[in-house]
Amino acid sequence: MDKRTVYLDYNATTPLRAEVKDAMITDLGVFANASSMHDAGRRARSRIEEARSAVAALVGAPDPQSIVFTSGGSESNNTVFATMFHAGRSGARRKIVTTAIEHPCVLNAAKWLESEGFPVIFLGVDGQGKIDMDALVREVDDTTLLVSVMAANNEIGTIQDIARISKLAHARGAFIHTDATQAAGKIPVDVEAWGVDYLTLSCHKIYGPKGVGALFIRKGVPVEPLIRGGHQEHGVRAGTYNNIGILGFGVAARLALSDLDRYVREMSTLRAKLHDGIVEAIPKVRVNGHPYDVLPNTLNVSFPGAEGESILLYLDLEGIEVSTGSACASGSLEPSHVLLATGIGPALAHGSIRFSLGRDTTGGDVAYVLEKLPPIIARLRKMSTVQA
Amino acid sequence: MDAFQWLYSDVVKDHFMNPRNVFDPDEAFVPDAEGIVGNVKCGDQMMFMLRLEGDVISDVRWKTYGCASAIASTSMLSEVVKGMDIRLAYNIKPEDIASRLGGLPDNKIHCSVLGDKALRAAIDSWLDKTGRPGLFKNEGAKVICTCLGINDRDIEEAVRGGARDWEGLQERTKVGTVCGGCRKVAEELLHEYVHIFA
Ligand SMILES: Cc1ncc(COP(=O)(O)O)c(C=O)c1O
Ligand code: FES
């Protein structure tokens, strides 16, 4: 096949979809401070409230006022942990239960609480990335303040049973937060069905602009601003509204919701094609993550005997853009903490590649990858000191 | 530095795309000496195989489980040492290879360090075979602890002998036990060698 560019890193970020881009360009003129009382300000405000409703609808939140706009997933997650710092500072209920496979912005926020003297538990996962429910039941007790479990993992795509985890947390009086950054727009997300108190979203993973996100905060649960200042967002998040980013988020959220069924269908088909093609053409591969509770666009594969950064860069030379759990690519000496948590061992983690598909991926793109990948693996294995 | 900036330096890219002297399991290459270093756990392992005529390296092959800069730098190293006397080859520094490649980012230097370490291991095995064990041991060594005259090779040897942390290293070498001024540099080396040999 002729050389083409195949972007398969949609879990890292997505391009702006055309409808979002067009709407944002049109809305570039919405400049007024949405907190101003004059007409221009009120008009900007009403557009922001429309966007808020669209984001609320995406996560099944009946009250749009439970959505607070932030600068992204990292800020939303940090807001929850900062809130817990204040809520748990004095008092007996201060234990935090989270997982070993969270995004670094949750892991590091949890480690910060740990350094402030909070007891923090990082739950392990099984070989397919599902959290250890027995350990959850054991660890969540009457001193537990927060349970924070991501809805779907960015690296391996494994989906957790948030509804069940919520019930267990609430039964012991703990708050429940889920980082749904990777789940939104890819699987149904429903704050009511899940019963969560806090839920994190990021706009750039759903074909909207970067630097915008949201936090769902159930009415009545505690919240402490990370950024203090004016009265925006009921004082929960200060700073003049990012009009254009928020309006883009609204459009992206509306489209993500209306497209969801088709998205799941199309991604599942393409993923299955890629999965089957790799397993058929390349001996001794290991597919990471859960066999069916997995994001429809995410396929994580380890290629024993071949090192991930080399695979990534040989693919890149062919125009194929992926990511790897190898340490070399991260600039640290440790490979992916997610893959290590699944127990596959450092060698398989170093040799892992994440293919994350998206709206623009075609069957031809998958065929192109299936043509280019097998010889790359064969070549690296041939020059390897390690037997596949 | 961004990984892609260095990768696409033309020299690195060329060696990455067309690595020279890679061992091909289908060819009949019987080495006179070989050395292997690194650890798959750390994501890099390197093997060097030498054909020797007297003390001159007449041909060379290598294999690696490693990242792009491991491949490119070892490919470059393999070209440089062909036809070279083993004493000269023994003293090639990772920096020499990195500069021939037009530079490598700091966090990538350990990959080329691996190439020269594997080469030295192969030469050491040749020296053992020919009844001259440890002949070049102190050549090209860099003094790390000026108080006690302890060099990088001594630290390397201590790690190969089992030192894994600062206390273990001090037990074996006494490094840093006088003024202590060498501790930072010695610990960095320790960390690097543990990564390579442990
Ligand atoms: C699971 C998860 N949480 C949080 C984030 C951070 O989101 P943002 O980039 O918007 O800060 C990401 C994306 O990098 C993610 O994948
Ligand atoms: S330089 Fe090493 S102890 Fe003084």
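In this text the structure is predicted, and so the values were computed from the model without any measurement.

A.B. asks: Got a minute to help me understand the packing of helix α9 (residues 308–317) of chain A against helix α3 (residues 68–81) of chain B in this structure?
C.D. replies: Between α9(A) and α3(B), the least distance of the axes is 7 Å, while the angle of their chain directions is 85 degrees. Here α9(A) is positioned roughly perpendicular relative to α3(B), judged by the angle of their axes. Together, A:E309, A:S310, A:L313 and A:Y314 of α9(A) and B:A68, B:S69 and B:I71 of α3(B) make up the contact between the two elements. Class assignment for the residues of the contact of α9(A) with α3(B) results in four nonpolar, two polar and one charged.

A.B. asks: What is the right way to read the interface of chain B and chain A from this model?
C.D. replies: Many analyses report the size of an interface as the accessible area lost when the parts associate. Each side of the interface is counted separately: chain B has 35 residues, and chain A has 24 residues. Summed over both partners, the interface of chain B with chain A comes to about 2,300 Å²; 63% of that surface belongs to carbon and sulfur atoms. Taken together, the links from chain B to chain A amount to two salt bridges. Note that A:K382 is salt-bridged to B:D24, the shortest N-O span being 3.6 Å. At the level of elements, α1 (3–7), α2 (10–17), β2 (44–53), β3 (56–65), α3 and α9 (183–197) of chain B are the ones that each hand at least two residues to the side of chain B that touches chain A. For the side of chain B that touches chain A, the element with the most residues is β2(B), which contributes four residues. Here the side of chain B that touches chain A is built from residues that sort into 18 nonpolar, 10 polar and seven charged.

A.B. asks: Even after reading the chapter, I still don't get the packing of aromatic side chains, so can you show me in this structure?
C.D. replies: Given two aromatic rings, their pairing is described by the distance between the two centres and the angle made by the two planes. Under the counting rule described, the total for this entry stands at eight aromatic pairs over all chains. Centre to centre, the rings of A:F69 and A:F249 are 6.0 Å apart; their planes meet at 65 degrees, and the pair counts as edge-to-face. Of the two residues, A:F69 sits in strand β2 (residues 67–70) while A:F249 sits in helix α8 (residues 243–281), which places them 180 residues apart along the sequence. Take A:F69 and A:F249: they sit in the same class, and that class is buried. Taking 5.2 Å as the distance between ring centres and 65 degrees as the angle between the ring planes, the aromatic pair formed by B:Y90 and B:F136 counts as edge-to-face. Placement of B:Y90 in helix α4 (residues 86–90) and of B:F136 in the loop between α6 (109–129) and β4 (143–145) is noted, with a sequence separation of 46 residues between them.

A.B. asks: What should I look at first to understand the pattern of salt bridges in this one?
C.D. replies: A side chain with one charge can pair with a side chain of the opposite charge if their charged atoms come near. Residues and elements named next belong to chain A. Using the criterion set out here, one finds 36 salt bridges over all chains in the structure. Linking R52 and E49 is a salt bridge whose minimum nitrogen-to-oxygen distance equals 2.8 Å. Taken together, the residues span about one helical turn, with R52 and E49 both in helix α2 (residues 39–58) at a distance of three residues. Residues R52 and E49 agree in their burial class; the two are buried. Here K372 and E371 are joined by a salt bridge, their closest N and O atoms 3.4 Å apart. What emerges from the salt-bridge pattern is a single network uniting R17, E19, D259, R262 and R359.

A.B. asks: Explanation requested: the domain arrangement of chain B in the structure shown.
C.D. replies: Residue and element names in this part refer to chain B. According to the domain assignment, chain B consists of domain 1 (7–129) and domain 2 (143–197). The gap between the C-alpha centroids of domain 1 and domain 2 is 25 Å. Every contact between the two is made by 12 residues of domain 1 and, on the other side, eight residues of domain 2. Regarding the contact of domain 1 and domain 2, the summed buried area is about 830 Å², with carbon and sulfur atoms giving 57% of it.

A.B. asks: Which parts of the structure should I look at to understand the domain arrangement of chain A?
C.D. replies: Residues and elements named next belong to chain A. Each assigned domain of chain A is listed with its residue range as follows: domain 1 (6–15 + 260–383) and domain 2 (18–258). Computed over C-alpha atoms, the centres of domain 1 and domain 2 are 28 Å apart. Between domain 1 and domain 2, the residue contacts involve 30 residues of the former and 34 residues of the latter. In this assembly, domain 1 and domain 2 are joined by one salt bridge. K130 serves as the salt-bridge partner of D293, at 2.8 Å between the closest nitrogen and oxygen. Inspection of the domain 1/domain 2 interface yields 23 residue pairs in polar contact (both at pLDDT 80 or more). Elements supplying a minimum of two residues to the side of domain 1 that touches domain 2: α8, β9 (286–288), β10 (298–302) and α11 (337–341). When residues in the side of domain 1 that touches domain 2 are grouped by element, the largest group, four residues, is from α11. Per-class residue counts for the side of domain 1 that touches domain 2 are 13 nonpolar, 13 polar and four charged.

A.B. asks: Teacher, can you tell me more about the side chain of A:T385 here?
C.D. replies: Tracing the chain through its elements places A:T385 in the segment after α13 (363–382). For A:T385, a relative accessible area of 17% translates into the label buried. Once residues lying within four places of it in the same chain are set aside, the contact partners of A:T385 are B:I36, B:Q45, B:M46, B:M47, B:K63, B:T64 and B:Y65.

A.B. asks: What is the right way to read the site of ligand 1 from this model?
C.D. replies: Residues and elements named next belong to chain A. Among the 14 residues in the neighbourhood of ligand 1, the closest are listed as S74, D179, Q182, S202 and K205. In the model, an oxygen atom of ligand 1 is placed 2.7 Å from a nitrogen or oxygen of the S74 side chain. Considered on its own, ligand 1 offers 390 Å² of accessible surface; in the complex 85% of this is hidden by protein. By residue number, the principal contributor to the shell around ligand 1 is helix α3 (residues 73–88), which donates three residues. Partitioned by chemical class, the residues of the shell around ligand 1 number two nonpolar, 10 polar and two charged.

A.B. asks: Quick question: what am I supposed to make of the environment of A:F303 here?
C.D. replies: Residue and element names in this part refer to chain A. Structurally, F303 is set in the loop between β10 and α9. Distance from F303 to V137, taken between C-alpha atoms, is 35 Å for residues 166 residues apart in sequence. Here F303 is in contact with I278, I282, V285, I311, G351, I353, F355, L373, I377 and R381, once residues within four sequence places are set aside.

A.B. asks: Could you clarify how one ought to interpret the pairing of β2(A) in this entry?
C.D. replies: Each regular strand carries side chains that alternate between the two faces of the sheet. Residue and element names in this part refer to chain A. Along β2, one buried face is formed by I67 and F69 and the opposite face, lined by V68 and T70, is buried too. Taken together, the four bridges between β2 and strand β8 (residues 213–217) define a ladder with antiparallel strand orientation. If you follow F69 over to β8, its bridge partner there is A214.

Cut-offs and rules
- Residues numbered from 1 in each chain as written.
- Chains lettered and ligands numbered in written order.
- Predicted model: local features only at pLDDT ≥ 70, side-chain atom pairs only at ≥ 80, totals over all residues.
- Heavy atoms only, no water.
- Axes fitted to C-alpha atoms, helices over the stretch in contact; angles between N-to-C directions.
- Helix = DSSP H or I, 4+ residues; strand = E, 2+ residues; numbered from the N terminus.
- Parallel < 35°, antiparallel > 145°, perpendicular 65-115°, else oblique.
- Contact = heavy atoms within 4.5 Å.
- Nonpolar A, V, L, I, M, F, W, Y, C, P; charged D, E, K, R; others polar.
- Buried area = accessible area lost by both parts, 1.4 Å probe.
- Salt bridge = Lys/Arg side-chain N within 4 Å of Asp/Glu carboxyl O.
- Phe/Tyr/Trp six-rings, centres within 6.5 Å; stacked < 30°, edge-to-face > 60°.
- Buried < 20%, exposed > 50% of the residue type's maximum accessible area, 1.4 Å probe, protein only.
- Domains from an automatic or database assignment.
- Polar contact = N/O pair within 3.5 Å; in protein donor to acceptor, adjacent residues only side chain to side chain.
- Near = heavy atom within 4 Å.
- Areas by Shrake-Rupley, 256 points an atom, 1.4 Å probe, with all protein chains shown as cover.
- Pairing = 2+ DSSP bridges.

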